[in-house]
Amino acid sequence: MTSRLLQRSLGSPDYDGIRQALRDDTSTPVIDLRGLQVRVAVLPLFTHDGRQAVRVSSTRPLTHVLVGVDSATGGDVTLLVPEVTAPRTFTLESRDDEGLVGTAQVTVTPQRKWNVFVVHHSHLDIGYTDPQGTVLRHHLDYLDAAVRLARETASWPDDARFRWTVESSMPALRWLAARPAEQVEAFAALAREGVIEVTALPFQLHTEACSTEELYRQLRFTAELRDRFGFATTSAMHTDVPGAVVGLVDALDAAGVRYLAAAHNWAGRSVPYLHGGDKLTRPFRWRAPSGNELLVWFTDTPHGMAYMEGNTVGLTDSYELADDLLPRYLAALATRGYPYGPGTFGWQGPDAPREPYELDVLHLRVQGAHADNAGPSVVPASIARTWNERWAYPRLRSAVNSDFFRHVEEHHLDRLAVHEGDWTDWWADGLGSGARPLGYVRRAQSALRAAETLHTLAGADATEQIDAAYDKVALFNEHTWGAANPWEDAEEAGDSGGLQWTRKSSGAYDAKDDAADLLHAAARRFGAAVSGEPVEGTLASFAVFNPGTTGRTDIVRAFLPRDVVPADVPIALVDGRTGEPLAHHEEYVHPDDWPTRPIGRHLHAVVPCVPGHGYVRIDVVRGEGQAPEPVRLDPSGVIENEFYRVSYDVGAGHIGSIFDKTAGRELVNGDAAAGFGQYVYDRYATAPHFNHLSGHVGAHDRTLLGDRAIGTHATIVRAERTAVGEKLVVELRGKGVDWLRTTIELHRGVARVDLTYQLAKQGTPAKEAVFLAFPFATGPATAWELTGGVGGPDVPRVPGSAAYMLPIRHWIAFDDPELTVAWATLEAPLVQLGTIHMPYAPFPPTLDHEDGTVYSWALNNIWDTNFPAQQQGETTFRYAVMSGPGETGRRLGALAAAGLTEPFVGVLLRGPAADPSLTYVVVEHPDVLITSIGRAGAEHVVRLQSLAPEPVETMVTLPGLVSATVSAGLRHGREPAEVVGESVTVRLPACGVAAIWGTCQ
């Protein structure tokens, strides 16, 4: 009795139930009487002597006779008939010891002759099943086993030899660095022979969390494998994560990768077939706006079956089970839209209409066991060996990943559909489960670009350190964010949630520190490189560097140490170009308050017209008096500068108005459901701490929205004017937080509204989400930044992409014939446009749709596995708003984001720079951004990214440029370029990237 009380958890598929459903759905009852049932399945099984198979099963053993053709006795038998080229009817007689039980007419139809490529790999979760270090050591052990098994089966028939695909390159690189030379050479030889394949991605990434440069840098190892070990990397695997950014196409193409095998997890949070996924045929050609393409395969059920397709049909268990299930699976593919029903893997959704699979070739993943991080097994190869001895078709080939794609490319390429655009990830909502470390990582991504650029301009090569920091960033963006049961805190296995998240989140904080260290060092090196001799009358000088592409007026924050200029000496700031004074604000670090920090003055100044990738010198001279103290403003909640007037509605707890003075236009939709910048806290009526629960929950209305609250009791705690602008600080109460603080800043001369939200998050396992609302008085959003591309309502997306949310990089634009508006975010990438959706499939809206409203989905803990079960602590979210007539949304969006992601860097000089202003690189086209400047030996590398929806050509000028090559990606495929007067012409594809490798005098 006790054993029947215990039930399997939601966290694992019911393989017995799945397999029985497959048997039932691929067979037809032909005799049904007195409790006895006989079922028949016509299967795509062909013998070497030209016969095909009919499988007959019965609820008790019988003798089954296809009259005049074949007979066999048992409860599940295979009968053979001559191969048919048109439907042919046979008579089936089923007998027992007493005689004839029943008879039926069976129609045998022509069947496809399949070629099945069995791709054996291990899905790499860096964590989840065990602490991260344990998992990685196991994967190195797996490569030892793969080499052994490859040797042991070398004499087997070629289709049956053990082959191994290394799903992620990082374990292979670590293995190659840690094994003796003879083992390394054995591995490399097997890779060159095509018995082992190392695929391109270092690990499985949430690609939308990656910056464009980060994505390209994570593929640099393909060149190392080619150059050091002599084997090419032509394919990639993207496993578990249901979606990928459009920039992945260009990044893989630049690394020489042509093929991508995706495996979308079966968890019911993903419902692509409800959003056009039924139109996504496989394989397909995925095309970026640049025109680059990947040939893509993806595993397929209504929700995505991930990497267990082969395991489910017995290929890791036994020949007998595979012989039973694999032909049925192939028959189902050929005759039905999906081989399994929609409820088989969890979420109970509607039926999924779809055309059957068209080709006679199949990519079938298999793991050595029914688990993540499973090791290699000789069983799949052994099954292939036995299978091919018995059956002519389907033909099983133990294959590496690229084997399948080369076959498709050779035989079927022209008939494949082409799909374009972003393949929006259904799991991106999980990024909100670690909002604070994610914010640190996104700050690091920005700081690393500036750090590399300043090192390069100072004559230093920091490539190795920059790459190492990007690797830490990418490891945080790896898709495993927690244990199988993340709320547990054991020391091993899937309950080691505390250990796993400690290591994961500490990696994010380490990456941010590394980026800050590199920027700190780069600023000092740059300062030393541009410093001149001291000048009488000048107390100190700063170089204010703009790491963005576009020249702009913006705020700079710099530190003036007490030992450089004593604190009691009044100072003034002077623009080195014009000699004009610059108003500034000082914040003194007093030793009584901060004895553990450098003592001196934090200077705040607005510096006009700082050129992109250039600096302006600011001189510090003796002033007539100490800098003025801030002036308290009337606590009415109104601040303004030349461009905007912002009014805060204290009673309602949100911004009531942002008025564009130049355009004479209100930017806030005052009739929206939520106020501008309003804190919205949702709690859901689902229970925590049940593995995979959210993947089994359906929400067709708002019933599971247990509670919605907003920020209340707003109090203005600071309203002040300084020499550089006006600031308003408001504190509120809110559910889910100990406190909530909103800071609004307007800087003089800066046409931007800066918003900072700080909250002290309370930890709770309750299912929750925090949104910040931004309702604009505009039409719908027209463009938004993606990793490696630009999205928009009219921009193509891969069918089946997630529709209810967007994981953006940094900006959203609202194009308008009279006034364009841009909204930018630094730390929080998740947004929902127009409404807030329930976080459970099929994700119904909870509010009427409003075209101009952006909901920043700041954080959540709606997952029940793999992501943190709760989060807490002080967390900061920063945003910016800009508006302007005559601007394209893409350009204004990039400019708004620059204030957050590319802040001015104030560099203290030993003596005034000889040049009061200097520009290091200029790009002429307004839609082309310079993302960073690096070094490669003696060459400068200028990295470019286009926002334009069409190909563009632009002139790029570097002072002293004497020779150059240009690459269509950021690393490979360099072509000579003509240098004319320190300039070179570069052609960039639509939303594409390029790099200039230049030698400068």
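You'll find the structure just up there.
All residue numbers refer to position in the chain's written sequence, counted from 1. Residue-level local features of this predicted model are given only where pLDDT is at least 70; pairs of side-chain atoms are given and counted only at 80 or more, and the full residue set underlies all totals for whole chains, interfaces and linings. For side-chain calculations, the full set of non-hydrogen atoms in the structure is used, while hydrogens and water are omitted.

**Comments concerning the overall build of the chain**
For step 1, the next point in the chain: Elements are defined by DSSP. Helices are runs of H or I of four residues or more, strands are runs of E of two residues or more, and each kind is numbered from the N terminus. Secondary structure assignment for the chain yields 16 helices and 55 strands.
For step 2, the next point in the chain: The atom set for the radius of gyration is the C-alpha atoms, and the globule formula is 2.2 Å times the number of residues raised to the power 0.38. Taking 30 Å as the expected radius of gyration for a compact globule of 1001 residues, we find that the chain reaches 32 Å, a close match to that expectation.
For step 3, the next point in the chain: For the chain, the C-alpha atoms occupy an extent of roughly 115 × 60 × 55 Å along the three principal directions.
For step 4, the next point in the chain: Buried residues are those whose accessible area, probed at 1.4 Å on protein chains only, stays under 20% of the maximum for their type, while exposed residues exceed 50% and partly exposed ones sit between those limits. Looking at the chain as a whole, 63% of its 1001 residues are labelled buried.
For step 5, the next point in the chain: The contact criterion used throughout is that any non-hydrogen atoms of two residues lie within 4.5 Å. Long-range pairs, those at least 24 residues apart, make up 74% of the contacts in the chain between residues at least 6 apart in sequence.
For step 6, the next point in the chain: For the area figures, the Shrake-Rupley method with a 1.4 Å probe applies, and any residue is considered shielded solely by the protein chains shown. Counting only carbon and sulfur atoms, one obtains 49% of the accessible surface of the chain, whose full area is about 36,000 Å².

**Looking at the sheet that holds strand S11 (residues 259–264)**
For step 1, the next point in the chain: When DSSP locates at least two bridges between a pair of strands, those strands are taken to pair. Strand order in the open sheet formed by five strands is S10-S11-S13-S12-S17, with mixed pairing between adjacent strands. Whereas interior strands pair on both sides, the edge strands pair on one side only; in this sheet they are strand S10 (235–240) and strand S17 (418–420). Adjacent strand axes in the sheet meet at a mean angle of 30°, parallel and antiparallel pairs treated alike.
For step 2, the next point in the chain: With six bridges connecting them, S10 and S11 associate as parallel partners. Its bridge partner being in S11, Ala-236 is matched across the sheet by Leu-260.
For step 3, the next point in the chain: Comment: axis = line fitted to C-alpha atoms, over the contacting stretch for helices; angle = value between 0 and 180 degrees taken between N-to-C directions. Relative to the sheet, helix H12 (residues 401–411) contacts S10, S11 and strand S13 (293–298), its axis offset from that of S11 by approximately 115°.

**Things to note about the packing of aromatic side chains**
For step 1, the next point in the chain: Stacked, tilted and edge-to-face are the three classes applied to pairs of Phe, Tyr and Trp rings, where Trp contributes its six-membered ring and a pair requires centres within 6.5 Å; stacked means planes under 30 degrees apart, edge-to-face means over 60, and tilted covers the rest. Tallying each qualifying case throughout the model produces 41 aromatic pairs.
For step 2, the next point in the chain: Measuring from centroid to centroid gives 6.0 Å for Phe-284 and Phe-298, while their planes differ by 65°, and the two rings are edge-to-face. With Phe-284 in strand S12 (residues 284–287) and Phe-298 in strand S13, the pair connects residues that are 14 residues apart, well separated along the chain. Considered together, Phe-284 and Phe-298 belong to a single accessibility category, that of buried residues.
For step 3, the next point in the chain: Positioned over the ring face of Phe-46 is Lys-113, at 5.2 Å from the centre of the ring. By definition, being over a ring means that NZ of Lys or CZ of Arg is both within 6 Å of the ring centre and within 35 degrees of the ring normal.

**A few points about the sheet that holds strand S51 (residues 961–967)**
For step 1, the next point in the chain: Read across the open sheet, the five strands follow the order S48-S49-S55-S51-S52; overall the sheet is antiparallel. Each end of this open sheet is capped by a strand with a single partner; those strands are strand S48 (928–936) and strand S52 (974–977). Pairs of neighbouring strands in the sheet enclose a mean axial angle of 25°, with direction left out of account.

**Quick look at the pairing of strand S43 (residues 853–860)**
For step 1, the next point in the chain: The buried fraction of S43 amounts to eight of the eight residues, a majority that puts the element mostly inside the structure.
For step 2, the next point in the chain: Where strand S36 (residues 768–775) and S43 come together, seven bridges link them in antiparallel fashion. Residue pairing for S43: Phe-771 is matched across the bridge by Trp-857.
For step 3, the next point in the chain: Here strand S42 (residues 830–833) pairs with S43 via three bridges, running antiparallel.

**Brief notes about the packing of helix H10 (residues 319–335) against helix H11 (residues 379–390)**
For step 1, the next point in the chain: It is at 10 Å that the axes of H10 and H11 come closest, and there the two elements cross at 65°. The hand of the H10/H11 crossing is right-handed. Listed contacts from H11 to Tyr-319, Ala-322, Asp-323, Leu-326 and Pro-327 of H10 are Ile-383, Thr-386, Trp-387 and Arg-390.
For step 2, the next point in the chain: Each residue receives one of three labels: charged for Asp, Glu, Lys and Arg, nonpolar for Ala, Val, Leu, Ile, Met, Phe, Trp, Tyr, Cys and Pro, and polar for the others, Gly being one of them. Split by residue class, the contact of H10 with H11 holds six nonpolar, one polar and two charged. By the definition used in this description, the sense in which the near helix is turned from the far one sets the handedness, with an anticlockwise turn below a right angle giving left-handed and a clockwise turn giving right-handed.

**Here we look at empty space enclosed by the protein**
For step 1, the next point in the chain: Residues are said to line a cavity or pocket when one of their atoms sits within 4 Å of a point; the points come from a 1 Å grid over protein atoms alone, cavities being sets where a 1.4 Å probe fits but cannot get out and pockets being open sets with protein on both sides within 12 Å along at least five of seven lines. Grid points are joined across faces, edges and corners, and a volume is the space filled by probe spheres set on the points. All told, the structure shown has ten cavities of 30 Å³ or more when counted by the stated rule.
For step 2, the next point in the chain: In this structure, the second largest cavity occupies an estimated 90 Å³ of space.
For step 3, the next point in the chain: Around the second largest cavity, the lining comprises 15 residues; the ones closest to its centre are Asp-422, Leu-786, Val-790, Gly-791 and Val-795.
For step 4, the next point in the chain: The greatest single-element share of the lining of the second largest cavity, amounting to three residues, is contributed by strand S38 (residues 789–791).
For step 5, the next point in the chain: Grouping the constituent residues of the lining of the second largest cavity by class yields eight nonpolar, five polar and two charged.

**Details of the environment of Ala-374**
For step 1, the next point in the chain: With respect to the secondary-structure elements, Ala-374 resides in the loop between strand S14 (361–366) and H11.
For step 2, the next point in the chain: By relative accessible area, Ala-374 is classed as buried at 6%.
For step 3, the next point in the chain: With 251 residues separating them along the chain, Ala-374 and His-123 place their C-alpha atoms 7.1 Å apart.
For step 4, the next point in the chain: Contacts of Ala-374, omitting those with residues within four sequence positions, involve Ser-122, Tyr-142, Gln-367, Gly-368 and Ala-369.

**Digging into the environment of Arg-524**
For step 1, the next point in the chain: Position of Arg-524 relative to the elements: it lies in helix H15 (residues 497–530).
For step 2, the next point in the chain: Arg-524 gets classed as exposed once you look at its relative accessible area, which sits at 53%.
For step 3, the next point in the chain: For the pair Arg-524 and Val-907, spaced 383 residues apart in the sequence, the C-alpha separation amounts to 7.0 Å.

**Considerations on the side chain of Arg-601**
For step 1, the next point in the chain: Positionally, Arg-601 belongs in strand S23 (residues 600–610).
For step 2, the next point in the chain: A polar side-chain atom of Arg-601 sits 3.4 Å from a polar atom in the side chain of Glu-586.
For step 3, the next point in the chain: Look past the residues within four positions of Arg-601 in its chain and what remains in contact with it is Ala-558, Phe-559, Leu-560, Val-565, Pro-566, Ala-567, Val-569, Ile-571, Glu-586, Glu-587, Tyr-588 and Gln-626. Counted as a polar contact is a pair of N or O atoms within 3.5 Å, where, for protein atoms, one must be capable of donating a hydrogen and the other of accepting one, and residues adjacent in sequence contribute only when both atoms are in side chains.

**Notes on the layout of surface pockets**
If a probe as big as a water molecule is rolled over the atoms, it shows which places are left empty.
For step 1, the next point in the chain: The volume enclosed by the second largest pocket comes to roughly 630 Å³.
For step 2, the next point in the chain: Thr-549, Ala-894, Glu-902, Leu-929 and Leu-947 are, among the 37 residues lining the second largest pocket, the residues nearest its centre.
For step 3, the next point in the chain: Elements that contribute at least two residues to the lining of the second largest pocket include exactly helix H6 (212–217), strand S37 (783–786), S38, helix H16 (889–901), strand S47 (922–923), S48 and strand S49 (939–946).
For step 4, the next point in the chain: Per-element accounting of the lining of the second largest pocket gives the leading share, six residues, to H16.

**Quick look at the state of the cysteines**
Note on terminology: a disulfide is the covalent bond linking the sulfur atoms of two cysteines.
For step 1, the next point in the chain: When two cysteine sulfur atoms are found within 2.5 Å, that pair is recorded as a disulfide. Under the criterion given, the structure shown has zero disulfides.
For step 2, the next point in the chain: Residue Cys-991 stays outside any disulfide, its sulfur separated by 18 Å from that of Cys-210, the closest cysteine.
For step 3, the next point in the chain: Since its relative accessible area comes to 4%, Cys-991 is described here as buried.

**What about the pattern of salt bridges?**
Think of it this way: side chains of opposite charge can pair up when their charged atoms draw near.
For step 1, the next point in the chain: Note on definitions: salt bridges are taken to be side-chain nitrogens of Lys or Arg within 4 Å of carboxyl oxygens of Asp or Glu. Tallied over the entire structure, the rule returns 57 salt bridges.
For step 2, the next point in the chain: Among the salt bridges present, the one from Arg-336 reaches Asp-25, with a minimum N-O distance of 3.7 Å. In this pair, Arg-336 sits in the loop between H10 and S14 while Asp-25 sits in helix H2 (residues 15–25), placing the two residues 311 residues apart along the sequence.
For step 3, the next point in the chain: Note that Glu-953 is salt-bridged to Arg-987, the shortest N-O span being 2.7 Å. Residue Glu-953 is found in strand S50 (residues 952–957), and its partner Arg-987 is found in strand S54 (residues 983–988); the two are separated by 34 residues along the sequence.
For step 4, the next point in the chain: A residue is classified by how much of its surface remains accessible, and Glu-953, at 46% relative accessible area, is partly exposed.
For step 5, the next point in the chain: We classify Arg-987 as exposed; its relative accessible area is 62%.

**What to know about the pairing of strand S28 (residues 654–660)**
For step 1, the next point in the chain: Burial analysis of S28 places five of its seven residues in the buried class, which makes it a mostly covered element.
For step 2, the next point in the chain: Relative to S28, strand S27 (residues 644–649) is paired through six bridges, and the arrangement is antiparallel. Across the sheet, the residue bridging to Asp-649 is His-654, located in S28.
For step 3, the next point in the chain: Taken together, the two bridges between S28 and strand S29 (residues 665–666) define a ladder with antiparallel strand orientation. Among the inter-strand pairings, Asp-660 is bridged to a residue of S29, identified as Arg-665.

**What to know about helix H7 (residues 221–229)**
For step 1, the next point in the chain: Listing the buried residues of H7 in full gives Phe-221, Thr-222, Ala-223, Leu-225 and Phe-229.
For step 2, the next point in the chain: If you follow the buried residues of H7, they end up packed against helix H4 (169–178), helix H5 (181–193), strand S9 (196–198) and helix H14 (463–477).
For step 3, the next point in the chain: Gly-230 occupies a position one or two residues after H7 and carries a positive phi of about 80°.

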